[in-house]
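The primary structure of each chain is shown beneath.
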Amino acid sequence: MYNLDINLLKNRPEYQHKIASQGNQLALKLGGFTPVYIGIAVGLLFPALVFFSLSLLQWKTAEVAKQITKLEEQGKSFDQTIANIKKMKAETATINSQTTTLVKIFDQIRPWSAILDDLGDRIPPRVQIESIKQTSPNPQLTANTTPSNTAGFLEISGFAVSYASVNDFTLSLGQSKFFNPQEIKIITTELVDAPATTGFLPPVATRSDVKIKPIQIVKYTIKTGLSNVPASDLIPELEKKGTIGLVDRLRHIQKLGVVSK
């Protein structure tokens, strides 16, 4: 009824030793494949690292390209801004140059009212002015030569009772800040019969048949150079002569710093 199958060989020491030997051999055989597995793992790891590195490099390259594009756009914007700033600076420099030129011209204004008033204050009692003529600065110079006097000259002609009176008039003009004392000189002087317009009338004759010769007076011509001193430096003199409008404008441009005080 029962089938009893007993393998007594498995229990024998020789058989157990044989099994153990086979197991060790199998382990040795499997252990011999470990370098192969390591080599395969390493071989797979390097391509994976290379692929990861390439992917990371491509991503970084794309990011850098985006940054470059953004910076280039910003650079174009900055270039336009810089161009606009340079244009504004150029326009400002042009305006400042034109303003400075106009102010310099304005600062060289010589109001005739002040000059004539000063001239009238300096005429000696026995000297009369017949005419005043303005001449250009050094007209004999060529176009390539800079004139020494840019303000011009005045030629004053008239009559005086004596040569001494003409000399006194010349010295008086030299004390004026509106004239250049180094450019004041007497051009002509001559004795002439006093015209009736001068008021130097001869004595009245007591007899009708007596003719009295007219009084001899000196006809003179004086040339004087106008001062090159800026009008802003003549403010006290201009105030004394009553040129209030010009003085106010000069003081205004001094406040703006266009001309020095």
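Everything numeric here is computed off the predicted structure, so don't read it as measured data. (Residues numbered from 1 in each chain as written. Predicted model: local features only at pLDDT ≥ 70, side-chain atom pairs only at ≥ 80, totals over all residues. Heavy atoms only, no water.)

Caption draft 1: Representation of the confidence of the model for the protein chain within the structure. With 68% of its residues at a pLDDT of at least 70, the protein chain reaches an overall mean of 75. Highest mean pLDDT in the protein chain belongs to helix H4 (residues 163–174) (93); lowest belongs to helix H1 (residues 13–31) (52). (pLDDT = per-residue confidence, 0-100. Helix = DSSP H or I, 4+ residues; strand = E, 2+ residues; numbered from the N terminus.)

Caption draft 2: Main features of the packing of aromatic side chains. The final tally for this structure, using the stated rule, is 1 aromatic pair. Centre to centre, the rings of Phe169 and Tyr220 are 6.1 Å apart; their planes meet at 80 degrees, and the pair counts as edge-to-face. Taken as a pair, Phe169 in helix H4 and Tyr220 in strand E4 (residues 216–226) lie far apart in primary sequence, 51 residues in all. By the burial criterion, Phe169 is buried, and Tyr220 matches it. The ring of Phe153 is capped by Lys223, whose NZ or CZ atom sits 4.8 Å from the centre of that ring. (Phe/Tyr/Trp six-rings, centres within 6.5 Å; stacked < 30°, edge-to-face > 60°. Buried < 20%, exposed > 50% of the residue type's maximum accessible area, 1.4 Å probe, protein only. Lys NZ or Arg CZ within 6 Å of the ring centre and 35° of its normal.)

Caption draft 3: Representation of the nonpolar core within the structure. The biggest cluster of nonpolar side chains holds 26 residues, and the ones touching the most others in it are Phe169, Leu173, Phe179, Tyr220 and Leu238. Broken down by secondary-structure element, the contributors of at least two residues to this core are helix H3 (112–121), strand E2 (153–160), H4, strand E3 (179–193), E4, helix H5 (235–240) and helix H6 (244–255). Excluding its chain neighbours within four sequence positions, the residues that come into contact with Leu173 are Leu119, Arg122, Ile156, Phe179, Ile184 and Ile222. (Core = buried A, V, L, I, M, F, W, Y, C linked by side-chain atoms within 4.5 Å. Contact = heavy atoms within 4.5 Å.)

Caption draft 4: Representation of H3 within the structure. The set of residues buried in H3 consists of Ala114, Ile115, Asp118 and Leu119. Along the axis of H3, the buried positions cluster into a sector of 135 degrees, meaning they face one direction only. Looking at the packing, one finds that the buried side of H3 touches strand E1 (127–135), E2, H4, E3, E4 and H5. (Arc of directions from axis to C-beta.)

Caption draft 5: Representation of the pattern of salt bridges in the model. On inspection of all chains with the given rule, the structure shows 4 salt bridges. In this structure, the salt-bridge partner of Arg122 is Asp118, at a minimum N-O distance of 3.1 Å. The exposure class assigned to Asp118 is buried, which follows from its relative accessible area of 2%. For Glu155, the salt bridge goes to Lys133, with nearest N and O atoms at 3.7 Å. One end of the pair, Glu155, is in strand E2; the other, Lys133, is in strand E1, with 22 residues separating them in the sequence. You can call Glu155 partly exposed: its relative accessible area is 23%. Exposure remark for Lys133: the relative accessible area of 48% places this residue in the partly exposed category. (Salt bridge = Lys/Arg side-chain N within 4 Å of Asp/Glu carboxyl O.)

Caption draft 6: Structural context of the environment of Leu226. Here Leu226 shows up in strand E4. Note: C-alpha distance between Leu226 and Pro137 (89 residues apart in sequence) is 9.3 Å.

Caption draft 7: A look at the side chain of Thr224. Within the element layout of this structure, Thr224 appears in strand E4. The contacts of Thr224, once residues within four sequence positions are left out, are Phe153, Leu154, Ile156, Phe179, Asn180, Glu183 and Ile184.

Caption draft 8: Representation of the side chain of Glu237. The residue Glu237 is located in helix H5 in this model. Beyond its immediate stretch of four places on either side in the chain, Glu237 contacts Lys177 and Phe178.

Caption draft 9: Examining the sheet that holds E3 more closely. The 4 strands lie next to each other as E1-E2-E4-E3, forming an open sheet whose pairing is antiparallel. A single partner strand is all that each edge strand has here, and the edge strands are E1 and E3. Neighbouring strand axes in the sheet, compared pairwise and without regard to direction, differ in orientation by 20 degrees on average. Looking at chain direction, E3 and E4 are connected through 10 bridges and run antiparallel. Following the sheet pairing, Asn180 is matched in E4 by Gly225. This element, H3, spans E1, E2, E3 and E4 of the sheet and lies at about 150 degrees to E1. (Pairing = 2+ DSSP bridges. Axes fitted to C-alpha atoms, helices over the stretch in contact; angles between N-to-C directions.)

Caption draft 10: Structural context of a nonpolar patch on the surface. On the surface, Phe52, Leu56 and Trp59 cluster together into a nonpolar patch covering about 350 Å² of accessible area. Note on placement: Trp59 falls in helix H2 (residues 34–107). What makes Trp59 partly exposed here is its relative accessible area of 48%. (Patch = residues over 30% accessible without salt bridge, like charges linked within 9 Å, V, L, I, M, F, W, Y side chains within 5 Å. Areas by Shrake-Rupley, 256 points an atom, 1.4 Å probe, with all protein chains shown as cover.)

Caption draft 11: Representation of the environment of Ile222. Relative to the elements of secondary structure, Ile222 occurs in strand E4. By relative accessible area, which is 0% here, Ile222 ends up buried. Spatially, the C-alpha atoms of Ile222 and Ile187 are 5.4 Å apart, while their sequence positions differ by 35 residues. In this view, Ile222 contacts Leu154, Glu155, Ile156, Val166, Phe169, Thr170, Leu173, Ile184, Lys185, Ile186 and Ile187; residues no more than four positions away in its chain are not counted.

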